[in-house]
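# Structure assessment
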Amino acid sequence: MGIRGLMSFVEDHSNEFFTDVKLRDTKIIIDGYALFHRLYFNSNLELRYGGDYDSFTDVVQKFFESLFACKICPYVVLDGGCDISDKKLNTLKDRAREKIQMAHSLSVGGGGYVCPLLIREVFIQVLIKLQVCFVQCFSEADRDIMTLANHWNCPVLSSDSDFCIFDLKSGFCPLNGFQWRNMNTIKGTRDSYIPAKCFFLDTLCCHFGNMNKTLLPLFAVLCGNDHVNLPVMETFLSKVRLPLGAASSKGRRHHRVLGLLNWLSRFADPTEALDSVLNHLPKKKRGTVKALLCSSMEEYLQAQGRLQDFFQHGAYTCPDTWNPGLPPWVLAALARGQLSPFISDALVLRRTILHTQVENMQRPNAHRISLPIRQVIYGLLVNAPPHVRNVAWDALPPQPPTFSEVERINKNIKTSIVNAVELPKDHSDLSKLTELSLASRQMLLLETLKVKQSLLDPVPAALKLPVAVSCYWVQHAEATLKLHHLQALLLGMLLGPLRAMVSSPEEKAVRGGGAEALREELRRARAPPGTRLDLDTAHVFCQWQCCLQMGLYLNQLLSTPLPEPDLTRLYSGSLVHGLCRQLLTSASVESLLHLCPEAQQLYEHLFNATRSCAPAELFLPKGRLNPKRRKQKKSGKVYALEDRSSQTENETLKYFDKSPWQG
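In this report, we go over the structure that sits alongside the text. Computed from a predicted structure; not experimentally measured.

Closest axis-to-axis distance for the helix 22 (residues 483-492)/helix 26 (residues 535-557) pair is 11 Å, and the angle between their directions is 55°. On the basis of the axis angle, helix 22 is oblique to helix 26. Once helix 22 is placed against helix 26, the crossing between them reads as right-handed. Within the contact between the two elements, helix 22 uses H485, A488 and L489 and helix 26 uses T537, V540, F541 and W544. When its residues are assigned to classes, the contact of helix 22 with helix 26 shows 5 nonpolar, 2 polar and no charged.

Encoded structure:
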C-alpha cells in the first residue's frame, strides 16, 4: 500500500515525529519487498543490464551481517499475490505503465528505477543461505507485519507509509533512516548497535491535538492510497475547508496531508468524521462511497493470520477471506516462498502481470518468447479443484481454458488472452501433481523446454535447468541473437563454479591459482558504468531472463524435477554485456579460458549442450547464408559464426565441432 505524500510529510518534520533509537538485541519484522528494492536502488548497482545479481547478493549479505553483529533477529515478511477482490488492479496497471516509461528512459541513457526480473528469487535464496527466517504471505503483507510486530512487541522496518497509520507498539523504523552501514558501539562496552529513527503513532496524534488514533485509517483513505482513488473524493476536498494550521514553508508542500489531519482532529471518532465527509457529497453517491471507505479502512485492522505460528511451528493458516480452496501442498509452498505470487495470481484470478525490463521498446516485449512455457504452467493450474475455479472462472467459457496477461505493447500496456495447453490426464488434478513420478515431472519440464535429457547428462546438476532454459532460448530467440551473446552468457555462468574453486584447498596446489586469475579477468571484463547500452544485446538477454523465470516457475510447480540453480551467481548483467563487447573486438573465449582448464572443460559441456539445439542460421547475419552454404548445411555439418565486426564473408563459417570456444 502507500499513502500519497505522507512519508515525505513526516520526514520533512523529522524532529517532531521521529525518535532516535539505538537498535540492538531485539527482534525486528522486515518488509521484504521494501528491503530488496531499497538495497538494490541505494547501493550503486547497475540498472540497465538486467541485474548484477552477484553484487546484489553481496549487499544483502552485508545488511544481515550488520543485524547479526548487533544481535538483531530479523523476520522477513514478503508480499504474496493479489487477493480475490483484485482491488489493486488499477494501481498495479498504473505502476506497470510507470515502469515501462522508466525502463525506456534507462534504455536510452536516462534515469529511472526498474528492478531486475529475478530479484525476488535471488533475495529469497540469500535469505535461505543466511538462515534468515522468512514467510511469503498469501496476499499483501502489511497487516500481517503489523499483527506480528505487536504480538512480539518489536519494531517494523519498511519504507511503506502505511506503517505510519498502524498502531505499532514498538514503532516503525523507515529504511532511509536505518543506518546499517554505520554501526556504532555503546560507550564502555563491545555491544554494537544500529542508529535508526523510529516513528510512533502516539507522537503524530499528540502533534494534532491528541486526535483519536482510530481516525487515522479514514485519513489514509481520504488522502488516497493504493485501494481508494475516487474522483468523487475530489468533490469532498474541494468543498471542505481544510485548516492548515501554522504551516511552515515545508508544510506548504503537503497541504492535503496537513489539512486533512487538522480537519479530522476536530472529530471524536471515525463515525462522526465519516458522516461529515458524506454530507459534502451528492446524496445518490453516499451509500456507495461509504461502503468503499469502510471496507478500505478495514485494511488497517489486525490480520486474521498468525505468522508467529509459521515461525514457531512451520504452519501458517490461510485466512478464510483469501483461501479459494487451494490444495494444502500449494498453500504450504506459497508460504515458504517455493511458489511465486505469479502462480497464486494465475490460480486465484486467472490473470498475471508480466513485468517490463530494460529492453528494446520497438520490439515485441521480451516475455513473448516464454509464452509456450507459461501456457504449460496455465495448463497445470487450470485443473485446480472445482471450488477454486468457481471463485473467478465460472463466467468464462469452459473451452478452451484461458488466462489474461497484462503485458507491454510498445510503451503502454495491454491485456492479452492466452490459451492454456491441454495436458495428459495424469496431470489433471493439481492436488495430486506432487504424486507424479520424478520421471513424469522431469519429462514434462524437458519437453516444454524442448531439450533431451541426454544433452544435460554432462552438465553439473546445479546448471542443468539454466542450460535447458538456454537450449529453449536459442531455439526461440529473435534473429538478433548471435554467437557472442551465447558465449558471453555461458562464460557468465562460470562465476558460481569459479567462486567455489577459488575457496577450495586445491586452488593453488592443483590449479596454480588459475581459477582466481580467470575470476579476476572476468571482473575486469564488466561493462563500466555509463557505457552505451546496445539495445539488441539487452533485448536478447531480457528474453533469456524471461525464459529462465518461467522455467524456474514451472520447475517449482513440478516440485523441482531439476535442482533449483543458484541464481545469486548465475547472471551478472554488466559482465555479460562487457564480455559481448570484448568478444566482438579483441578477446576470444579460448584466450580467457586457457587460464583455468577446469573452467574450460565446464564451458565445453555447457556450450556443447546448447549448440546441439541451436539452428545454424540463428548465428549468421541476415543474408549471409548463400545457396552453396545451404547445401553444405544440408550435408549434416553444423556451422557457427565467428562473430567479429572485422570479419570477411570468407571467414564467417566455422565448424562447431572444431572447438566450443571458436565461433
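Bringing the side chain of H13 into the picture now. Mapped onto the fold, H13 is located in the loop between helix 1 (6-12) and helix 2 (14-17). Looking at H13, the relative accessible area reads 10%, which means it is buried. A distance of 2.9 Å separates the side chain of H13 from the backbone oxygen of F9, its partner in a polar contact.

Bringing helix 29 (residues 597-611) into the picture now. Compared with the 21 Å implied by 1.5 Å per residue over 15 residues, the 20 Å span of helix 29 between its first and last C-alpha is a close match. Where helix 29 is concerned, the buried positions are A599, L602, Y603, L606, F607, A609 and T610. Viewed end-on, helix 29 has its buried residues packed into an arc of 160°, placing them on one side of the element. In this fold, the buried residues of helix 29 make contact with helix 20 (453-456), helix 21 (464-476), helix 22, helix 23 (495-502), helix 25 (514-525) and helix 28 (589-593).

Now for the nonpolar core. F64, F219 and W473 are the most contacted members of the largest nonpolar core, which totals 217 residues. Per-element tally for this core: the top contributor is helix 26, with 13 residues. Every residue in contact with W473, bar those within four places of it in the chain, is listed here: I369, L481, H485, L486, L489, V540, F541, Q543, W544 and C547.

We now examine the pattern of salt bridges. This structure, assessed with the given rule, holds 20 salt bridges. Between R306 and D309 there is a salt bridge, with the nearest N and O atoms lying 2.9 Å from each other. On the basis of relative accessible area, R306 is assigned to the partly exposed category, the value being 44%. By relative accessible area, which is 22% here, D309 ends up partly exposed.

An order of 9-10-11 is seen for the 3 strands of this open sheet, with the pairing classed as mixed. Looking at strand neighbours, the two that pair on one side only are strand 9 (351-353) and strand 11 (412-419), the edges of this open sheet. Ignoring which end each strand starts from, the neighbouring axes of this sheet average 25° apart. Sheet analysis places strand 10 (residues 402-409) next to strand 11, joined by 8 bridges and oriented antiparallel. Bridge pairing in strand 11 links F403 to V418. Sheet strands in contact with helix 5 (residues 89-107) are strand 9, strand 10 and strand 11, and its direction is about 115° off that of strand 11.

Conventions and cut-offs
Residues numbered from 1 in each chain as written. Predicted model: local features only at pLDDT ≥ 70, side-chain atom pairs only at ≥ 80, totals over all residues. Heavy atoms only, no water. Axes fitted to C-alpha atoms, helices over the stretch in contact; angles between N-to-C directions. Helix = DSSP H or I, 4+ residues; strand = E, 2+ residues; numbered from the N terminus. Parallel < 35°, antiparallel > 145°, perpendicular 65-115°, else oblique. Left-handed = near helix turned anticlockwise from the far one by under 90°. Contact = heavy atoms within 4.5 Å. Nonpolar A, V, L, I, M, F, W, Y, C, P; charged D, E, K, R; others polar. Buried < 20%, exposed > 50% of the residue type's maximum accessible area, 1.4 Å probe, protein only. Polar contact = N/O pair within 3.5 Å; in protein donor to acceptor, adjacent residues only side chain to side chain. Expected span 1.5 Å × (residues − 1). Arc of directions from axis to C-beta. Core = buried A, V, L, I, M, F, W, Y, C linked by side-chain atoms within 4.5 Å. Salt bridge = Lys/Arg side-chain N within 4 Å of Asp/Glu carboxyl O. Pairing = 2+ DSSP bridges.

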